[in-house]
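A structural walkthrough
Here is what each chain is made of, one letter per residue.
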Amino acid sequence: MKSVTIGDKILDVPIIQGGMGIGVSRERLAGAVAREGAMGVLSAAQIGYDRPDFLRAPEAANLDALPDCVARARELAEGRGLIGINIMAATQNYPAYVRAACAAGVDAIISGAGLPTNLPALVEGSDVAIAPIVSSAKSARVILKYWRKHGRIADFLVIEGPLAGGHLGFKGEQLTDIPALDFDAEIRAIIALVREEEASAGRRIPVFVAGGVTTADDVAYALALGADGVQVASRFVTTYECDAAQAYKDAYLAATDDDIVIVASPVGMPGRALNNAFVQRVAARSEPVRHCYNCLAACNPQTTPYCISAALINAVRGNIDDGLIFCGAHVGALNKMEHAADVIRDLNIRA
């Protein structure tokens, strides 16, 4: 694929490795992907979950870990590619994480799980590229309008479709009849909006399509719709460099399409995950929150059906039966371990 310009930098391989929390994509995976000329992305979600003081002071642990993880990813990248970070707009004290990422020297901040309308103001004075994750032309229009008010144009944009893993920008009922969504039409509409934005900005704004991108054919399809590149997440889970425990990767390798369910997340969005003992338990009854990690602005520990931080931390550590394992719709196609370099080579097709 052709290289693209992100901010003031060149991304040689227009593939973004999707940010996966908690701890699924940290420095090892992000650094390995960047080393191949693509964009490796850490997830800011509880990035310091394995710090000794995390239980006592999770936010402090996270903000302490973030620059260390970025620095290690940069070291592993050996001067190639770009290092980005995904920061959910729903994050408690979102501004602190954005400022920490800027200070750590990330190349890009990607933000979804809500409307990151204040992101331009938070990165002011830095050279960090910024991008929203959108799932509709309506949300794209709103964000681009707000950012324009701040005198800022998106440096790139990620369109995340209904086949993605983790939190989804769709209503639960929409996910029961995905063909009826006609998301190809939505992708074209969003790209048309971005091209209008380019005309006023006087520069290209690369668009990356995400959600269910697993094979070279998926990449070709996204490019045919008008995208400049793709964002890929689930396929990087079954790489040797992925930061999750091997048991987490093994759950992916053993999964079939029949093992996928849509779950209700405390974030307030539906999510796609593997149907395991944990998912079955919380579907039957709520699990009391014994310790609040203060992770989500909208979460109420008294009413949430379960603690999403605890569930995701259990999963990334390999405690599968007590963990939430987010996955994309095509997890059933993942049946072997690979190196991140193999994935990049397979997906970096001729445009």
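Structural data are supplied above this passage.
A brief structural summary. Only a predicted model underlies this, so the values are computations on that prediction, with no experimental measurement involved. Position numbers for residues count from 1 along each chain, tracking the sequence in the order it is written. Reporting in this predicted model follows two pLDDT cut-offs: at least 70 for local features of residues, and 80 or more for side-chain atom pairs to be given and counted; totals over whole chains, interfaces and linings ignore these cut-offs and use all residues. Only hydrogens and water are set aside when side-chain values are computed; all heavy atoms of the structure are taken into account.

Two strands are counted as paired when DSSP detects at least two bridges linking them. Helix numbers and strand numbers start at the N terminus; a helix is a DSSP run of H or I with at least 4 residues, a strand a run of E with at least 2. With antiparallel pairing, the 3 strands of this open sheet are ordered in space as 9-13-12. For this open sheet the edge positions go to strand 9 (166–167) and strand 12 (260–264), each flanked by a neighbour on one side alone. As paired elements, strand 12 and strand 13 (residues 270–274) share 5 bridges and run antiparallel to each other. Each residue of the ladder has a partner; that of A264, found in strand 13, is P270.

Axis separation between helix 5 (residues 137–149) and helix 7 (residues 183–201) bottoms out at 9 Å; the angle between their running directions is 20°. It follows from the interaxial angle that helix 5 and helix 7 lie roughly parallel. The interaxial crossing formed by helix 5 with helix 7 has right-handed handedness. From helix 5, A137, A140, R141, L144 and R148 reach across to helix 7, where they touch E186, A189, I190, L193 and E197. When grouped by side-chain class, the residues that make up the contact of helix 5 with helix 7 number 6 nonpolar, no polar and 4 charged. All axes here are fitted lines through C-alpha atoms, helices being fitted over the stretch that makes contact, and every angle between N-to-C directions spans 0 to 180 degrees. By definition in this entry, angles of less than 35 degrees are roughly parallel, angles greater than 145 are roughly antiparallel, angles of 65 to 115 are roughly perpendicular, and the rest are oblique. Handedness of each helix crossing follows the sense of rotation of the near helix against the far helix: counterclockwise by less than a right angle gives left-handed, clockwise gives right-handed. The contact definition used throughout considers only heavy atoms, calling two residues in contact when any of these lie within 4.5 Å. Charged residues are taken to be Asp, Glu, Lys and Arg, nonpolar residues to be Ala, Val, Leu, Ile, Met, Phe, Trp, Tyr, Cys and Pro, and polar residues to be all remaining types, Gly included.

Time to look at the pattern of salt bridges. Between side chains of opposite charge, pairing is possible as soon as their charged atoms come close. Whenever Lys or Arg places a side-chain nitrogen within 4 Å of a carboxyl oxygen from Asp or Glu, that contact is recorded as a salt bridge. All chains considered together, the criterion is met by 21 salt bridges. Between R195 and E198 there is a salt bridge; the shortest N-O distance is 2.6 Å. Here E198 and R195 lie together in helix 7, a separation of 3 residues that amounts to about one turn. Connected through salt bridges with shared partners, the residues D8, K9, R74 and D107 form a single ionic network.

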